Structure formats: C-alpha cells, structure tokens
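# Commentary on secondary and tertiary structure
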Amino acid sequence: MNNDHQPTVQLVAISGSIRRASNCTAVLRSLQPLLPAGVTLHIAPLDAIPPYNADLDGDAPPEPVAALKRAIAAADGIVLCSPEYNYGMPGVLKNAIDWASRPGFASPLKGKPALIMTASPGTAGGVRAQAQIRDALAATLARPLVRQHVAIANVASRIQDGRLVDASTLDFIRVALDELLAEIAMLAGARRRPAA
Ligand SMILES: Cc1cc2nc3c(=O)[nH]c(=O)nc-3n(C[C@H](O)[C@H](O)[C@H](O)COP(=O)(O)O)c2cc1C
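Residues numbered from 1 in each chain as written. Predicted model: local features only at pLDDT ≥ 70, side-chain atom pairs only at ≥ 80, totals over all residues. Heavy atoms only, no water.

The local shell around the ligand consists of Ser17, Arg19, Ser22, Asn23, Cys24, Pro83, Glu84, Tyr85, Asn86, Tyr87, Ser120 and Pro121. Taken by itself the ligand offers 610 Å² of open surface, and the protein chains cover 70% of this. Split into classes, the residues belonging to the shell around the ligand amount to five nonpolar, five polar and two charged. (Near = heavy atom within 4 Å. Areas by Shrake-Rupley, 256 points an atom, 1.4 Å probe, with all protein chains shown as cover. Nonpolar A, V, L, I, M, F, W, Y, C, P; charged D, E, K, R; others polar.)

Written as structure tokens, this is what we have:
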C-alpha cells in the first residue's frame, strides 16, 4: 500500500500448477475484474524456479527466484490457487515457498496476508492440500487468511477459454478477496498508528 492520496494495493498471485492450460492459473487470471479500483493483481510465474538448493541460495539466488522474491516483496498480499497432488501440496508450490522463505523468519513472505484457494476437476476441490499450504506459509511468518476454505470443485466445468466463468464461484471468491483486502488495510492501519 503506498502513501499517496490515492491508495493502491498490489496483490501477487501464485499458481501451484505450471502447465500451460492450468485451471488454477485460469482462476487467478480471472480475478482482476473482481477487485476494486486501485487494486492490481499480477501472476508470478513459477515455471523457471529451479529445485531448492542451498548452495545456490543467498544474496544472489537464481534470477527467476530473485524475481519471485521481488514480486512478493512489492506486494501487499498474496493470492494462491493450487491443485492438490496426491492429497497434498504440489512440489512446485512447496519448492517456491521454500525459496521465497529465505532468510528464515525475515523473508519477503514475513507478515504478508495470503488467501489460499485450491481447485480440482474432482469433487473435493483440492481442499486436502490446504492445511499443508497453510502450515508452510505459517512457517515463513506469512499470514494465511483465517476463513472458510475456497476449494473449487469440478473446476474444469467452470472454466471457458482460460477464464473462470461460473458466477457463483466468482461471487464466493470476491468475498474472499474482500476479506484479504480488509486484512491488508487493517495491517496498514496498525503500522501507521504510533506506538502508545
Ligand atoms: C501427480 C498428480 C496427483 C494428483 N492428485 C490429485 C489429488 O490427490 N486430488 C485431486 O483432486 N486431483 C489430483 N490430481 C488431478 C489434479 O487436480 C488435476 O490434474 C488438476 O487439473 C491440476 O491443476 P491444474 O489444472 O491447475 O494444472 C493429481 C494430478 C497429478 C498430476
């Protein structure tokens, strides 16, 4: 959130799937129209992030990692949408969180409000991955939003031409995004208040 008269909020969106026709990425691509004026959302790609290797980590990590960390650092909040793989979080997403989590407890993820969403062509909507994603974010001192799960079942049937088009799903997500923005505003207000 900037200090200009016209407040702007930046959200970074992260998909747990790097395949070209990903349903999760399609969901994220559909969110901008749900956001109020002054709120921007950019998708940070994970496809060039290498497997985590502490030998490559430090002040100058691989450029795709540095770009991801810059995007997270510049954002006021995070929106994740991920499939579940074998009842858990995809390795691609865990790997990205691991890279972004360094230095430990002082990384760009620290203090960032994060909305977790999952999606699946199946009936559980990927919900079984949510606890793992929440735990990993909590370990980084990010602030996963406490709310009802956003778990999008039968996701493929709700997507057309790479966009989420199902009105009731969009309405449900809009409420979750509003809660994320309220959390961001609450934290910004707390930072501005002088200590007693
Ligand atoms: C390795 C693997 C494991 C999967 N395990 C699950 C699972 O446990 N539950 C589920 O609902 N779908 C599972 N799926 C199906 C994914 O939900 C489906 O491929 C989904 O479309 C992937 O998300 P995307 O469209 O964003 O790429 C699995 C897919 C793969 C490739």
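Another aspect to go through is helix H2 (residues 63-74). Compared with the 16 Å implied by 1.5 Å per residue over 12 residues, the 16 Å span of H2 between its first and last C-alpha is a close match. By the burial criterion, the buried members of H2 are Val65, Ala66, Leu68, Lys69 and Ile72. Relative to the axis of H2, the buried residues are bounded by an arc of 160 degrees and lie together on one face. Contact partners of the buried residues in H2: strand E1 (9-15), strand E3 (77-82) and helix H3 (91-100). (Helix = DSSP H or I, 4+ residues; strand = E, 2+ residues; numbered from the N terminus. Expected span 1.5 Å × (residues − 1). Buried < 20%, exposed > 50% of the residue type's maximum accessible area, 1.4 Å probe, protein only. Arc of directions from axis to C-beta. Contact = heavy atoms within 4.5 Å.)

Here the bond from arginine 102 into proline 103 is cis, since omega is -10 degrees, no more than 30 degrees from zero. Its location among the elements puts proline 103 in the loop between H3 and strand E4 (113-119). In this model, tyrosine 87 sits at a positive phi of 70 degrees, which is unusual for a non-glycine residue. Within the secondary structure, tyrosine 87 is located in the loop between E3 and H3. Using a relative accessible area of 55% as the deciding quantity, one classes tyrosine 87 as exposed.

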